[in-house]
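This is what each chain is made of:
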Amino acid sequence: MGFLSDTLSRVKPSATIVMTQKARDLKAQGRDVISLSVGEPDFDTPDHIKEAAMAAIRRNETRYPPVSGITELREAITRKFKRENGLDYKVSQTIVCTGGKQVIYNALLATLNPGDEVLIPTPYWVSYPEMVGLCGGTATFVETRLEDNFKLRPEALDRAITPKTKWIILNSPSNPSGAAYTRAELKALTDVLMRHPQVWVLTDDMYEHLTYGGFEFVTPAQVEPNLYERTLTMNGVSKAYAMTGWRIGYAGGPEHLIKAMDFVQGQQTSGACTIAQWAAVEALNGPQDHLKTFKQAFEERRDLVVSMLNQTKYLKCPTPEGAFYVYPSCAEAIGRRAPSGKVIATDEDFVSELLESEGVAAVHGSAFGLGPNFRISYATSNALLEEACSRIQRFCGALS
Ligand SMILES: Cc1ncc(COP(=O)(O)O)c(C=O)c1O
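Right, let's walk through the structure included here. As the structure is a prediction and not an experimental result, all values here were calculated from the model.

What follows concerns the environment of K295. Structurally, the position occupied by K295 is in helix α12 (residues 290-310). Each C-alpha atom, one on K295 and one on A240, is 9.3 Å from the other, the two residues being 55 residues apart in sequence. If near-sequence neighbours (up to four positions away) are discounted, K295 is found in contact with H209, T211 and Y212. One polar contact links the side chain of K295 to the main-chain carbonyl oxygen of T211, over a distance of 3.3 Å.

Here it is in structure tokens:
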């Protein structure tokens, strides 16, 4: 028997972190590398939020927090859900965790038993299946298609649900595809879920505020109020407020589930960092003006990247509604020879050859459960995006 646990052997390293590290290593060797693999805004946390954190330190808000979060933040969360999503949650129905990631982890740890299935549409955020595995459940998958802009069809959802399905994880706008469901599209899915009362909904709304072209964001418990009793509505400040490093995520849901998550968290972290919680109070209650700037910049970049990729030989790129990712198909590049002489057999080959020959780091689609595709994060400057897309065009143009 080895020293490390069997659980550990079930976990895969995050492909996005591996790619980001590869790009860093090449850069350290002096190579000119453009990294389009990271999943965070390139903006700074707005100043009024940073000021709130500094004021919290000066007030000595530096002791253990209540496990579920400071009351001021939980109140701000209830107001946010009401204001932005039309959802009524009491303070006791909310929880603050160390990032959106820990919200999901707590929920799964608090509810999964061996044999329980968690249904995950592909392509998915890389952490979902790993977290399910770590919590002792079984991840099951349902595919979306490029023709449907990577949105789940109600018939496919209906077919994929089994008597053992305990949760479905929905993520709109999506990491990695950027796809977001309209009210009608989401209602078609919640109609299916109404016919399967054993299934709980974990909705990951992290990218709620990053939608473009007048798209109206909606969340499952809002479009189908009858799902409220079995929905965990998850969100956080990481993406919309450029606060990835502050590690604050939160959720609203049925009180008995929130209590169980509090129980788990009490034996894990004892609660999220108090200073970051005070910063999040300001993020949710304070001015939202920065969002206009973020959205404008991201929309411009999305349009630039989609247009350049669609002018690239062998690539096809749908226009996503939100987040800061695009997920082009490289199916037509498979089987062709790269400048290095290597034949590209998979999307993983595609991204490693692209990195080798042109110094552009992207992440292969098979890491997100659907390929041959690759994910590009456009959370970087227009100039770098233009240069990166020109390099991708040159790379694809040189395939034979
Ligand atoms: C879809 C999705 N959910 C959750 C998270 C995690 O958010 P946090 O950084 O707040 O833990 C991310 C971060 O990349 C994400 O892309």
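A word on a nonpolar patch on the surface. Side chains of F3, L4 and L8 sit close together on the surface and give an oily, nonpolar patch of about 410 Å² of accessible area. Secondary-structure assignment places L4 in the segment before α1 (6-9).

Moving on: helix α3 (residues 47-58). Compared with an ideal rise of 1.5 Å per residue, which puts twelve residues at 16 Å, α3 spans 17 Å between its outermost C-alpha atoms and is within 8% of the ideal. Of the positions making up α3, those classed as buried are I49, A52, A53 and A56. Projected down its long axis, α3 carries its buried residues within an arc of 100°, all on one side. Opposite its buried face, α3 presents the exposed residues D47 and R58, each directed more than 90 degrees away. Elements that come into contact with the buried residues of α3 comprise α11 (274-285).

What follows concerns the sheet that holds strand β4 (residues 138-143). Reading across the sheet, the seven strands line up as β2-β8-β7-β6-β5-β3-β4 and stay open at both edges, with mixed pairing between neighbours. Because the sheet does not close on itself, it has two edges, and the strands there are β2 (94-97) and β4. Ignoring which end each strand starts from, the neighbouring axes of this sheet average 25° apart. Taken together, the six bridges between strand β3 (residues 117-122) and β4 define a ladder with parallel strand orientation. Note that in β4 the partner of T122 across the bridge is E143.

What follows covers the pattern of salt bridges. Evaluated as defined, the whole model comprises 26 salt bridges. For K80, the salt bridge identified is with E84, shortest N-O distance 3.1 Å. With a gap of four residues between them, K80 and E84 both fall in helix α4 (residues 71-85), about one helical turn apart. Overall, E84 belongs to the partly exposed group, its relative accessible area being 24%. Across the pair K187 and E224 runs a salt bridge whose closest N-O atoms are separated by 3.6 Å. Of this pair, K187 sits in helix α8 (residues 183-194) while E224 is found in the loop between α9 (220-223) and β7 (231-236), placing the two residues 37 residues apart along the sequence. Its relative accessible area of 30% is what places K187 among the partly exposed residues.

Another point: the nonpolar core. Among the nonpolar cores identified, the biggest contains 80 residues, and L108, W167, L202, L232, L309, F350 and I376 are the most heavily contacted of them. For L232, the contacting residues outside a window of four places in its chain are V103, A107, W167, V201, L202, T203, A251, G252, G253, L257, I258 and M261. Of all hydrophobic cores here, the second largest spans 28 residues; its members include A53, I70, A76 and A279.

To continue, consider the side chain of R230. Relative to the helices and strands, R230 resides in the loop between α9 and β7. In this structure, R230 is buried with no salt-bridge partner, the nearest side chain bearing the opposite charge being E224 at 8.3 Å. Residues within four places of R230 in sequence aside, it is in contact with L193, M194, H196, P197, V199, W200, V201 and P254.

Packing of α12 against helix α14 (residues 382-397) leaves a shortest axis separation of 10 Å and a crossing angle of 10°. By the angle class used here, α12 and α14 are roughly parallel. With respect to the hand of their crossing, α12 and α14 are arranged in right-handed fashion. Contacts from E300, R301, L304, V305, M308 and L309 in α12 reach N382, L385, E386, C389, S390, I392 and Q393 in α14. Along the lines of polarity and charge, the residues of the contact of α12 with α14 split into seven nonpolar, three polar and three charged.

Okay, the site of the ligand next. Neighbouring the ligand are 13 residues, the closest being D204, Y207, S238, K239 and R247. Relative to its unbound accessible area of 390 Å², the ligand is 92% covered by the protein chains. Here the ligand is seated within the largest pocket. Among the elements that take part in the shell around the ligand, helix α5 (residues 99-111) stands out by supplying three residues, more than any other. Here the shell around the ligand is built from residues that sort into four nonpolar, five polar and four charged.

Inspection of the entire model under this criterion finds three cavities of 30 Å³ or more. A volume near 150 Å³ is recorded for the largest cavity. Around the largest cavity sit 19 residues that line it, and P121, P123, N171, S174 and Y181 are the ones nearest its centre. Those elements giving two or more residues to the lining of the largest cavity turn out to be β3 and β5 (165-171). Among the residues making up the lining of the largest cavity, the classes are represented as twelve nonpolar, six polar and one charged. Counted as a void, the second largest cavity has a volume near 50 Å³. Lining the second largest cavity, in full, are L170, N171, S172, Y181, L186, T203, D205, F217, V218 and P220. Across the lining of the second largest cavity, the residue classes tally to six nonpolar, three polar and one charged.

We now examine the sheet that holds strand β11 (residues 363-364). Taking strand neighbours across the sheet as the criterion, the three strands line up as β9-β12-β11 in an open arrangement whose pairing is antiparallel. Looking at which strands have only one partner, the edges of the open sheet turn out to be β9 (325-326) and β11. Here two bridges tie β9 to strand β12 (residues 374-377), and the two strands are oriented antiparallel to one another. Counted as the bridge partner of Y325 is S377 from β12.

Thresholds applied
- Residue positions are given per chain, counting from 1 as you read along its sequence in written order.
- Whole-chain, interface and lining totals are the exception, using all residues; otherwise, since this is a predicted model, local features are given only for residues with pLDDT of at least 70 and side-chain atom pairs are given and counted only at 80 or more.
- Calculation of side-chain values draws on the structure's entire complement of heavy atoms; hydrogens and water are dropped beforehand.
- Runs of H or I in DSSP of at least four residues are treated as helices and runs of E of at least two as strands, each being numbered from the N terminus.
- Contact definition: two residues touch when any of their heavy atoms are within 4.5 Å.
- Residues adjacent in sequence count toward polar contacts only when both atoms are side-chain atoms; beyond that, a polar contact is any pair of N or O atoms within 3.5 Å, and within protein one must be able to donate a hydrogen and the other to accept it.
- Without a salt bridge and with relative accessible area above 30%, a residue can belong to a patch; like charges are then joined within 9 Å and nonpolar side chains (Val, Leu, Ile, Met, Phe, Trp, Tyr) within 5 Å.
- Accessible surface is estimated by sampling points in the Shrake-Rupley manner with a 1.4 Å probe; for residues, cover comes only from the protein chains shown.
- The rule for a salt bridge is simple: a side-chain nitrogen of Lys or Arg has to be within 4 Å of a carboxyl oxygen of Asp or Glu.
- An expected span of 1.5 Å times one less than the residue number is assigned to each helix.
- Working definition: with a 1.4 Å probe on protein chains only, accessible area under 20% of the residue-type maximum means buried, over 50% means exposed, and in between means partly exposed.
- This arc is built from the directions going out from the helix axis to the C-beta atoms.
- Any two strands with at least two DSSP bridges between them are considered paired.
- Comment: axis = line fitted to C-alpha atoms, over the contacting stretch for helices; angle = value between 0 and 180 degrees taken between N-to-C directions.
- Buried Ala, Val, Leu, Ile, Met, Phe, Trp, Tyr and Cys residues form a nonpolar core when they are joined through side-chain atoms within 4.5 Å.
- Residues counted as positive are Lys and Arg, residues counted as negative are Asp and Glu, and His and the chain ends are not counted.
- Orientation is classified from the angle alone, with under 35 degrees giving roughly parallel, over 145 giving roughly antiparallel, 65 to 115 giving roughly perpendicular, and any other angle giving oblique.
- The crossing is said to be left-handed when, going from far helix to near helix, the turn is anticlockwise and less than a right angle, and right-handed when the turn is clockwise.
- By the convention adopted, Pro, Cys, Tyr, Trp, Phe, Met, Ile, Leu, Val and Ala count as nonpolar, Lys, Arg, Asp and Glu as charged, and the other residues, Gly among them, as polar.
- Residues are labelled near a given molecule or strand when at least one of their non-hydrogen atoms is within 4 Å of it.
- Of the grid points, spaced at 1 Å and generated over the protein atoms alone, those admitting a 1.4 Å probe that cannot get out make up cavities, while open sets with protein on both sides within 12 Å along at least five of seven lines make up pockets; any residue with an atom within 4 Å of a point is treated as lining.
- The way we define it, a molecule is inside a pocket or cavity when more than half of its atoms are within 2 Å of that pocket's grid points.
- Grid points are joined across faces, edges and corners, and a volume is the space filled by probe spheres set on the points.

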